[in-house]
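Reading the structure
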Amino acid sequence: MAKVLVLYYSTWGHVERMAQEVAEGVRAVAGVDVTLKRVPETMPPETVAAIHAKTDQAAPVAKPEELGDYDAIIFGTPTRFGNMCGQMRNFLDQTGALWQQGKLVGKIGSVFASTATQHGGQETTITSFHTTLFHHGMIVVGVPYACAGLTNMDDISGGSPYGASTLSKGDGSRMPSANELAIAKYQGQHVAEIAKKMFG
Ligand SMILES: Cc1cc2nc3c(=O)[nH]c(=O)nc-3n(C[C@H](O)[C@H](O)[C@H](O)COP(=O)(O)O)c2cc1C
């Protein structure tokens, strides 16, 4: 049975919501096992409290060394200045031993993201994240244009061939739209179908 990990960081819950939908997409493929986890918080507790971060996230916290246990990993991160967040970077920077042992070589990697604004770095966050996955020898999977949500022009929406994404607004008041959730689910299902063919 192919094993897929959805691994995310989320400060205010936007990436968390997307991650849940990506996991739903994986679940839609029979014979594929899905695990939803997050990376550890690195901000001090007083900062977490001061910025009203969402602290009730139910997903368990992952350990870097467990990444080798999965056939595919779908990473979710909020944008920080057009790149992945520090919490995810810190987690990935603890995977040197896995890299040395080639534990992720030939496995599937895929990325989704969130920004506050429409052109605030959705695509750069995802494609710059891919660099780390290539260094690990992973096979990078995005979202093909077969996903109808990518060509929807009826409303403002995240989502690109590089990966699903959402727009939170500067004050965080916008949660993922139906179109963005549909793309997220598609990404999960797409990765799961490939994982099943390769590892099932
Ligand atoms: C330090 C910092 C840098 C950020 N940089 C960007 C940015 O470059 N572009 C952008 O659109 N949003 C930026 N944001 C907004 C976050 O990406 C946004 O809050 C996040 O996507 C919401 O997802 P979450 O609730 O899952 O954390 C930044 C936020 C912080 C705190």
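Above this text sits the structure in question.
Bear in mind the structure is a predicted one, so any value in this text is a computation, not a measurement. (Residues numbered from 1 in each chain as written. Predicted model: local features only at pLDDT ≥ 70, side-chain atom pairs only at ≥ 80, totals over all residues. Heavy atoms only, no water.)

Digging into the pattern of salt bridges
For the structure shown, the criterion picks out 7 salt bridges. Measuring nitrogen to oxygen at the nearest pair gives 2.8 Å for the salt bridge that ties Lys-54 to Asp-56. Relative accessible area serves as the criterion here: at 30%, Lys-54 is assigned to the partly exposed category. Residue Asp-56 is classed as exposed on the basis of its relative accessible area of 55%. Glu-180 is the partner of Arg-174 in a salt bridge, and the nearest nitrogen-oxygen pair spans 3.1 Å. Taken together, the salt bridges that share partners define one network made up of Glu-16, Lys-54 and Asp-56. (Salt bridge = Lys/Arg side-chain N within 4 Å of Asp/Glu carboxyl O. Buried < 20%, exposed > 50% of the residue type's maximum accessible area, 1.4 Å probe, protein only.)

Quick notes on the layout of surface pockets
Put simply, the largest pocket is a space of about 400 Å³. Considering the residues around the largest pocket, the lining is formed by 23 residues, among which Gln-122, Glu-123, Ser-157, Gly-158 and Gly-159 are closest to the centre. Looking at the lining of the largest pocket, the elements with two or more residues in it are helix 5 (122-135) and strand 6 (165-167). Element by element, the count of residues in the lining of the largest pocket is highest for helix 5, at 4 residues. By residue class, the composition of the lining of the largest pocket is 6 nonpolar, 15 polar and 2 charged. Each pocket or cavity is described by its volume, and for the second largest pocket that value is around 320 Å³. Of all the elements in the fold, those that place two or more residues in the lining of the second largest pocket are helix 1 (14-27) and strand 4 (108-115). (1 Å grid on protein atoms, 1.4 Å probe; cavity = no way out; pocket = protein on both sides within 12 Å on 5 of 7 lines; lining within 4 Å. Points joined across faces, edges and corners; volume = space filled by probe spheres on them. Helix = DSSP H or I, 4+ residues; strand = E, 2+ residues; numbered from the N terminus. Nonpolar A, V, L, I, M, F, W, Y, C, P; charged D, E, K, R; others polar.)

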